[in-house]
Amino acid sequence: MADHLLKNIPYSVLDLATVLDGFTATDTFKTSLDLAKQSEALGYTRYWFAEHHNMAGVASSAPVVLIGYIAGNTTRIRVGSGGIMLPNHAPLIVAEQFGTLASLYPHRIDLGLGRAPGTDQVTAMAIRGENFNAVHSFPRDIEKLQQFFSAGNNRAGVRAIPGEGLDIPIWILGSSTDSARLAAEKGLPYAFASHFAPTYFEQAVSIYKNNFKPSPFLSEPYVMACVNVVAADTDEEAERLSSSVKRMFLGVITGKREMLKPAVDDINMYWDRMEKEAVEQMLYYSFIGSAKTIQENLTAFVAKYGVNEIMSTSHIYDHQAKLRSNEIFAGLFKG
């Protein structure tokens, strides 16, 4: 049962381009390419980057550039955004950028769209300026993108060149029920950020599936869940490695964001009881352990929520340990 269930599930990677303590963004991009090449060889379906700004430990402020970098140095794996924060950009510019990517790397580019700013409010104001409330235009801006990508836009006064008539799948990303309703209404695939926002995951998936309207893009609901993964040869080693991501989320809840720190033997030295509970709540959908442990937990997760695809994100300081985790995780889907 377990083997059969996971064998039917595509598996993918979300790379947040995390900067390690003691290293630089340049180092991060080199290890991202290394991970992407390995992921392609291991049969991963997608390799996505997310748009973030004003975060010292996250180097993915320009996902379009990183998508081109990875796609240009791989051959088969789909590369895309998880996501582009659409209210930060004019739809025409996004259409042209992804049209360029899809022209360079045909049938390999995904466009995941989110409505959050991907940063703090002050930085969002610096990005959006007078368009600070553009989040309210998110549904309409998606329609503009779809129009720019359509072959029927060839007689319009404003056209996306390149972009027009190209195969560029659009995904709706979300961490709330609002995004679920929008994805269902538009008949688009839905990717949920359960790796950091688990609270509304179950409700959002239910809303999406129950309200889904078939479209020219998708005939039935398609849910991808992004989860945290730290896999190792033993449960004990995985727990030790997971101290890095736990310290990273501790920085999020305390407002003391830092570069990703090395693993430690005793994470309890770094948090109090309330902080621990807050971090563990954010990391609720995390799969930490050996292959056997993760397979059992992941199979139960897929069976319970009926997700169509799993996207893993792994904040592991040691690059070789991260590659090993990626390898172990891929093995779960091959039986």
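Placed above this text is the structure.
Analysis parameters
All residue numbers here refer to positions counted from 1 along the written sequence of the relevant chain. Where local features are concerned, this predicted model is filtered to residues with pLDDT of at least 70; where side-chain atom pairs are given and counted, the filter is 80 or more; whole-chain, interface and lining totals use all residues. Excluding hydrogens and water, the side-chain figures rest on all heavy atoms present in the structure. Exposed residues in this analysis have more than 50% of their type's maximum accessible area, buried residues have under 20%, and partly exposed residues fall in between, with area computed by a 1.4 Å probe over protein chains only. A run of DSSP states H or I qualifies as a helix once it reaches four residues; a run of E qualifies as a strand once it reaches two. Both are numbered from the N-terminal end. Strand pairing is defined by DSSP finding a minimum of two bridges between the two strands. Within 6.5 Å between ring centres, the rings of Phe, Tyr and Trp (the latter by its six-membered ring) count as paired, and their orientation is classed by plane angle as stacked under 30 degrees, edge-to-face over 60, tilted in between. The criterion is simple. A nonpolar core is a set of buried Ala, Val, Leu, Ile, Met, Phe, Trp, Tyr and Cys residues joined through side-chain atoms within 4.5 Å. In this analysis, two residues are considered to be in contact whenever any of their non-hydrogen atoms come within 4.5 Å of each other. A clockwise path from the first strand over the helix to the second, with the strands pointing away from the viewer, defines a right-handed crossover.

Colleague: Sorry, what's going on with the pairing of strand 7 (residues 223–231) here?
Modeller: Working note: regular strand, side chains alternate between the two faces of the sheet. Counting buried positions along strand 7 gives nine out of nine residues, so the element sits mostly inside the fold. Every second residue of strand 7 is oriented toward a common face, with Val223, Ala225, Val227, Val229 and Ala231 on one face and Met224, Cys226, Asn228 and Val230 on the other, all of them buried. Pairing of strand 6 (residues 190–192) with strand 7 involves three bridges; the strand directions are parallel. Considered in strand 7, the bridge of Tyr190 is made with Val223. Inspection of the sheet shows strand 7 paired to strand 9 (residues 309–313) by five bridges, in the parallel sense. Each bridged residue has a counterpart across the sheet, and for Ala225 the counterpart in strand 9 is Ile310. In this sheet, strand 8 (residues 286–289) lies alongside strand 7 in parallel orientation, the contact comprising four bridges. Within strand 8, the residue paired with Val230 across the bridge is Ile288.

Colleague: Help me understand the packing of aromatic side chains, please; the structure alone is not making it clear to me.
Modeller: For any pair of aromatic rings, geometry is given as the distance between the ring centres together with the angle between the planes. This structure, assessed with the given rule, holds 19 aromatic pairs. Measuring from ring centre to ring centre gives 4.7 Å for Tyr11 and Tyr44, while their planes differ by 75°; the resulting arrangement is edge-to-face. Taken as a pair, Tyr11 in strand 1 (residues 11–15) and Tyr44 in the loop between helix 2 (25–41) and strand 2 (46–49) lie far apart in primary sequence, 33 residues in all. Of the two residues, Tyr11 and Tyr44, both sit in the buried class. Aromatic side chains Tyr284 and Tyr285 sit 4.9 Å apart centroid to centroid with 85° between the ring planes, which places their arrangement in the edge-to-face category. Given a relative accessible area of 54%, Tyr284 falls into the exposed group. With relative accessibility at 7%, the residue Tyr285 sits in the buried group. Taken together, Tyr190, Phe192, Phe201, Tyr208, Phe212, Tyr284, Tyr285, Phe287, Phe301 and Tyr305 form an aromatic cluster joined through their ring pairs.

Colleague: How do you make sense of the nonpolar core when you look at a structure like this?
Modeller: In a soluble, globular protein the nonpolar side chains are often hidden away together inside. In terms of nonpolar packing, the biggest core is built from 76 residues, with Phe98, Leu111, Leu298, Phe301 and Ile310 touching the most fellow members. Setting aside residues no more than four positions away along its own chain, Leu111 makes contact with Ser81, Ile84, Val94, Phe98, Leu145, Phe149, Ile168, Pro169, Ile170 and Trp171. Of all hydrophobic cores here, the second largest spans 12 residues; its members include Leu260, Trp271, Val279 and Tyr317.

Colleague: Explain the pairing of strand 1 here, please?
Modeller: Where burial is concerned, most of strand 1 is hidden: five out of the five residues are buried. The two faces of strand 1 match: Tyr11, Val13 and Asp15 on one face and Ser12 and Leu14 on the other face are all buried. As defined by bridge partners, strand 1 adjoins strand 9 across three bridges and the pair is classed as parallel. Directly across from Tyr11, in strand 9, lies its bridge partner Ile310. Direction of pairing for strand 1 relative to strand 2: parallel, over a ladder of three bridges. If you follow Val13 over to strand 2, its bridge partner there is Tyr47. Note on the crossover from strand 1 through helix 2 to strand 2: the handedness is right-handed.

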